[in-house]
Amino acid sequence: MTKVAWLMFRLVIALAIACAAPLAHAQEDGGTVVLRRGEPAPAYPPVAVDTRGVHVGIAGEPATLVRTISWDRVRRVDGPLAAQAAAYSELAATVWRAQARLERGDAVAAEPLFERAAEMLTGDGSGADERAAEDLVGPTHALVHAGLVRCRLGRGALAAAVLPWLDVRAAVLAGAVEELPDAIDPVTALVPGLPPIFARTPAVRALAVMDTRRSWPAEVSSLAMLYSTAAALAAGEAAVWTEPAELGPGTILVRDCVAAQAREPEVRAAARERLVERLESGAAKPWVRAWCHAAIGRSLARESDREQRRRGVVHLLTVPAEYRFIQPYLAGTCLADAATALDALGEREGARLLALELAREHSQHPALGALDPALRAPPSIDQQEPPA
């Protein structure tokens, strides 16, 4: 055998040993993860289980973790960890059923299942973990909270989608998410359908007083504070502007949108300048432009100068005119804001027309309830046009 042939033979043997190593570990440990949907079993055996999922890797003291499989994919665990894994069987079945319903488009049936799974993940219902929930953030948590975000956004419950989205952000920063959910923008890690611009509703008032002192990373805590401030401003509460401690690319956009709505005039003016610069750069995505127009419009509508308020109405109406298909919630909110702004300017007929447009195009929008009832009332017989 030549020297080259001998080297090639050794290389083939080394590759074969490397490929067989996972199977050897599985045989030595005796454990196997049986997956759903016909997926092949992982090459590595299970080495631990908790609310995050089934951890597979190389057994030892300590074990070498290779990856974590979320519970929705696990049918059962065979071997030494079978009894521990069985404690999570209800969680696994619940998350699997929730995800299956969501994938086939039945968000109404999926949401209560995701809510039940979220309760189990906090320790209420599983009883398998003694550690605090914040110490156990993994792929199962990300899947459950991302499911809640999709379900709640789908039914227009934006305020209720904020907390699960923040939990997803925490899971992403913890490295527990292999692939971002579809609802999240990959560049900013924001949810385009979840602008920090709310209508005045009971759910928004509840968001305004949410506990932002959780064990989140600093950036997530900053986002929680900003969304809570946005809710407080929408609810009419005397929220004092506080600059966030941690700013990432997405957090800067949220900061500027919320600051533009602040009570302090100088804070509003500075935020508007930054948002206008973002619009004029021409690089912003359509959903970002919609957020900017809405925040600038709401900001200008707070000023005392009539010309500024009229410019605010123009910005507000840009959203339903140009972005109503990609930002339907925001388009309805801006229609309501524009109607209120015109009414405050003494232009009752224009305000009424916008309110009727909102009722016609967004009949279930929460902003309808916050409008002056006189604007939502149909015109009287004297105001109606005569037949052609």
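Residues numbered from 1 in each chain as written. Predicted model: local features only at pLDDT ≥ 70, side-chain atom pairs only at ≥ 80, totals over all residues. Heavy atoms only, no water.

### Brief notes about the layout of surface pockets
- A volume near 920 Å³ is recorded for the largest pocket.
- Surrounding the largest pocket, 34 residues form its lining, Ser70, Pro139, Leu143, Glu178 and Glu179 being those nearest its centre.
- For the lining of the largest pocket, the elements supplying multiple residues, two or more each, are strand 4 (64–69), helix 3 (89–103) and helix 5 (139–154).
- Residue contributions to the lining of the largest pocket peak at six residues, all from helix 5.
- Looking at the lining of the largest pocket residue by residue, the class counts come to 14 nonpolar, seven polar and 13 charged. (1 Å grid on protein atoms, 1.4 Å probe; cavity = no way out; pocket = protein on both sides within 12 Å on 5 of 7 lines; lining within 4 Å. Points joined across faces, edges and corners; volume = space filled by probe spheres on them. Helix = DSSP H or I, 4+ residues; strand = E, 2+ residues; numbered from the N terminus. Nonpolar A, V, L, I, M, F, W, Y, C, P; charged D, E, K, R; others polar.)

### Side note on empty space enclosed by the protein
- Applying the stated criterion across every chain yields a total of one cavity of 30 Å³ or more.
- Taken as a whole, the largest cavity holds about 40 Å³ of empty space.
- Around the largest cavity, the lining residues are Ala146, Val149, Arg150, Trp165, Val168, Pro181, Ala183 and Ile184.
- For the lining of the largest cavity, the elements supplying multiple residues, two or more each, are helix 5 and helix 6 (158–173).
- Among the elements that take part in the lining of the largest cavity, helix 5 stands out by supplying three residues, more than any other.

### Points about helix 13 (residues 328–344)
- Here helix 13 spans 25 Å end to end across 17 residues, near enough to the 24 Å set by a 1.5 Å rise per residue.
- With 13 of 17 residues buried, helix 13 lies mostly within the body of the structure.
- Backbone geometry just after helix 13 places glycine 346 at a positive phi near 90°. (Expected span 1.5 Å × (residues − 1). Buried < 20%, exposed > 50% of the residue type's maximum accessible area, 1.4 Å probe, protein only.)

### Section: the packing of aromatic side chains
- Throughout the structure, instances matching the rule amount to four aromatic pairs.
- Residues tryptophan 71 and tyrosine 88 carry aromatic rings whose centres are separated by 5.1 Å and whose planes lie at 20° to one another, so their mutual orientation is stacked. Here the residue tryptophan 71 occupies a position in the loop between strand 4 and strand 5 (74–78), and tyrosine 88 occupies one in the loop between helix 2 (82–86) and helix 3, the gap between them amounting to 17 residues. Each member of the pair tryptophan 71 and tyrosine 88 is classed as buried.
- With a centroid separation of 6.3 Å and 65° between ring planes, the pair formed by phenylalanine 198 and tyrosine 227 is classed as edge-to-face. Of this pair, phenylalanine 198 sits in the loop between helix 6 and helix 7 (202–208) while tyrosine 227 sits in helix 8 (residues 218–234), placing them 29 residues apart in sequence. Comparing phenylalanine 198 with tyrosine 227, the two get one shared label, buried.
- Grouping aromatic residues by their ring pairs yields a cluster made of Trp165, Phe198 and Tyr227.
- In this structure, arginine 36 is placed above the aromatic ring of tryptophan 96, and the distance from its NZ or CZ to the ring centre is 4.5 Å. (Phe/Tyr/Trp six-rings, centres within 6.5 Å; stacked < 30°, edge-to-face > 60°. Lys NZ or Arg CZ within 6 Å of the ring centre and 35° of its normal.)

### Topic: the packing of helix 3 against helix 4 (residues 107–121)
- The geometry of helix 3 relative to helix 4 is characterised by a closest axis approach of 8 Å and an angle of 155° between their N-to-C directions. In terms of orientation, helix 3 lies roughly antiparallel with respect to helix 4. Handedness of the crossing formed by helix 3 with helix 4: left-handed. Contacts from Glu90, Leu91, Thr94, Val95, Arg97, Ala98, Gln99, Arg101 and Leu102 in helix 3 reach Ala107, Ala109, Ala110, Leu113, Phe114, Arg116, Ala117, Met120 and Leu121 in helix 4.
- Here the residues of the contact of helix 3 with helix 4 are counted per class, giving twelve nonpolar, two polar and four charged. (Axes fitted to C-alpha atoms, helices over the stretch in contact; angles between N-to-C directions. Parallel < 35°, antiparallel > 145°, perpendicular 65-115°, else oblique. Left-handed = near helix turned anticlockwise from the far one by under 90°. Contact = heavy atoms within 4.5 Å.)

### Description of helix 5
- Over its 16 residues, helix 5 extends 22 Å from the first C-alpha to the last, a length consistent with the 22 Å expected when each residue adds 1.5 Å.
- Counting buried positions over the 16 residues of helix 5 gives twelve, a clear majority of the element.
- Restricting attention to buried positions, one finds in helix 5 the residues Thr140, His141, Ala142, Leu143, Val144, His145, Ala146, Gly147, Leu148, Val149, Cys151 and Arg152.
- Each element contacted by the buried residues of helix 5 is listed here: strand 3 (53–58), helix 3, helix 4 and helix 6.
- Following helix 5 by one or two positions, glycine 156 adopts a phi angle in the positive range, close to 80°.

### A few points about the sheet that holds strand 4
- Ordered by their spatial adjacency, three strands build an open sheet running 2-3-4, and the pairing between neighbours is antiparallel. The strands lining the two open edges of the sheet, one partner per strand, are strand 2 (46–50) and strand 4. Sheet twist, expressed as the average angle between the axes of neighbouring strands with direction ignored, equals 25°.
- When strand 2 meets strand 3, the two strands line up antiparallel, connected through four bridges. Counterpart to proline 46 in the pairing with strand 3 is valine 56. (Pairing = 2+ DSSP bridges.)

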